[in-house]
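Chains, contacts and geometry: an overview
Here are the chains, one letter per residue:
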Amino acid sequence: MSKIWRGVLLGAVGTLLVLIAIGLLVILTGGYNVAATDRHTPLGEWALTTTMRNAVQGAADDIEAPAELTPAMITAGAGEYKAMCVQCHGGVGEGRAEWAETMRPKPPALAHAAREWSSEEIFWLVKHGVKMSGMPAFGPTHDDRTLWNIAAFVKAMPEMSEQEYAGYAVGHVDPPGAAPHQH
């Protein structure tokens, strides 16, 4: 190995060790403000958002959506959404709960943000949740049919009027002809 490459390699290793030491110093001293009242740095926000989006897209690649997201699924999902999700994500013409405004990261307003996600991605998010975001995993407590109903409703929200949204019931609603299930 030439002296130049040896110097480059030693410089790279030295830089990496300094960065690791700085990271450990921040972690061990609590040097990063974790208060939800303090926004993430722009770089931190970008890193978290980009990582989450790419992870969800990759994980959802293997999910097969139902052939059709039916009106019955949307109706059933509306009740679940209004009972479990609206407090953080709001609804059509309806904001999130006041306490959810200070969550970091702030939960997306799904009446608009659902356009950016496929139904498979929404299903994955509802089923598995997102670490360190306040988004719980509903998969351990709800069956896939219920989760697909929620995904169908969320995917339909961007096209709903406020009147259509308001017309959906709160709480669990089985689609017509569906077998009863447990939560």
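Since the structure is predicted, the reported quantities are computational estimates derived from the model, not experimental observations. (Residues numbered from 1 in each chain as written. Predicted model: local features only at pLDDT ≥ 70, side-chain atom pairs only at ≥ 80, totals over all residues. Heavy atoms only, no water.)

Observations regarding the overall build of the protein chain
Helix and strand counts for the protein chain stand at eight helices and zero strands. For the protein chain, the succession of helices and strands along the chain, N to C, is α-α-α-α-α-α-α-α. The C-alpha atoms of the protein chain give a radius of gyration of 22 Å, which is well past the 16 Å a tight globule of 183 residues would have. With the C-alpha coordinates of the protein chain rotated into their principal frame, the extents come out at 75 × 35 × 30 Å. Partitioning the contacts of the protein chain with sequence separation of at least 6, the portion at a separation of at least 24 is 67%. Of the roughly 11500 Å² of accessible surface on the protein chain, 64% is carried by carbon and sulfur atoms. If the 13 positive side-chain charges of the protein chain are averaged to one point and the 19 negative ones to another, these points end up 13 Å apart. (Helix = DSSP H or I, 4+ residues; strand = E, 2+ residues; numbered from the N terminus. Rg over C-alpha atoms; globule rule 2.2 N^0.38 Å. Contact = heavy atoms within 4.5 Å. Areas by Shrake-Rupley, 256 points an atom, 1.4 Å probe, with all protein chains shown as cover. Lys, Arg positive; Asp, Glu negative; His and termini not counted. Charge placed at Lys NZ, Arg CZ, Asp CG, Glu CD.)

Describing the pattern of salt bridges
It is possible for side chains bearing opposite charge to pair when their charged atoms get close. One pass over the structure, following the stated rule, counts six salt bridges. The salt bridge partner of Arg53 is Glu116, with a shortest N-O separation of 3.2 Å. With Arg53 in helix H2 (residues 42-60) and Glu116 in the loop between helix H5 (110-113) and helix H6 (119-128), the pair connects residues that are 63 residues apart, well separated along the chain. Across the pair Glu101 and Lys106 runs a salt bridge whose closest N-O atoms are separated by 3.2 Å. Overall, Glu101 belongs to the partly exposed group, its relative accessible area being 31%. Judged by its relative accessible area of 39%, Lys106 is partly exposed. If you follow the salt bridges from partner to partner, you end up with Arg96, Glu101 and Lys106 in one network. (Salt bridge = Lys/Arg side-chain N within 4 Å of Asp/Glu carboxyl O. Buried < 20%, exposed > 50% of the residue type's maximum accessible area, 1.4 Å probe, protein only.)

Structural notes on the packing of H6 against helix H7 (residues 144-156)
Closest axis-to-axis distance for the H6/H7 pair is 9 Å, and the angle between their directions is 125°. Between H6 and H7, the angle falls in the class oblique. The interaxial crossing formed by H6 with H7 has right-handed handedness. Along its contact with H6, which presents Ser119, Glu120, Ile122, Phe123, Val126 and Lys127, the element H7 presents Asp144, Leu147, Trp148, Ile150, Ala151, Val154 and Lys155. (Axes fitted to C-alpha atoms, helices over the stretch in contact; angles between N-to-C directions. Parallel < 35°, antiparallel > 145°, perpendicular 65-115°, else oblique. Left-handed = near helix turned anticlockwise from the far one by under 90°.)

Describing the state of the cysteines
For the structure shown, the criterion picks out zero disulfides. Unpaired in terms of disulfides, Cys85 finds its nearest cysteine sulfur in Cys88, a separation of 8.4 Å. Here Cys85 falls in the buried class, since its relative accessible area comes to 9%. (Disulfide = S-S within 2.5 Å.)

Regarding the nonpolar core
Counting residues in each nonpolar core, the largest one holds 32 residues, and the members touching the most others are Tyr81, Ile122, Phe153, Val154, Met157, Met160 and Tyr165. Mapped onto this core, the elements with two or more residues apiece are H2, helix H3 (71-84), H5, H6 and H7. No other element matches H7, which puts eight residues into this core. With sequence-adjacent residues up to four places away left out, Met160 is seen in contact with Ile74, Val92, Phe153, Tyr165 and Tyr168. (Core = buried A, V, L, I, M, F, W, Y, C linked by side-chain atoms within 4.5 Å.)

Things to note about the environment of Trp46
As for its placement among the helices and strands, Trp46 is situated in helix H2. Under the relative-accessibility criterion, Trp46 is labelled exposed at 55%. Sequence separation between Trp46 and Gly129 is 83 residues, and the spatial gap between their C-alpha atoms is 19 Å.

What to know about the side chain of His89
Summarising the element assignment, His89 is placed in helix H4 (residues 86-89). The exposure class of His89 is buried, given its relative accessible area of 13%. Reaching out from His89, the side chain makes a polar contact with the backbone oxygen of Pro108 at a distance of 2.8 Å. Dropping the residues within four chain positions of it, His89 is found in contact with Tyr81, Arg96, Pro107, Pro108, Ala109, Leu110 and Met135. (Polar contact = N/O pair within 3.5 Å; in protein donor to acceptor, adjacent residues only side chain to side chain.)

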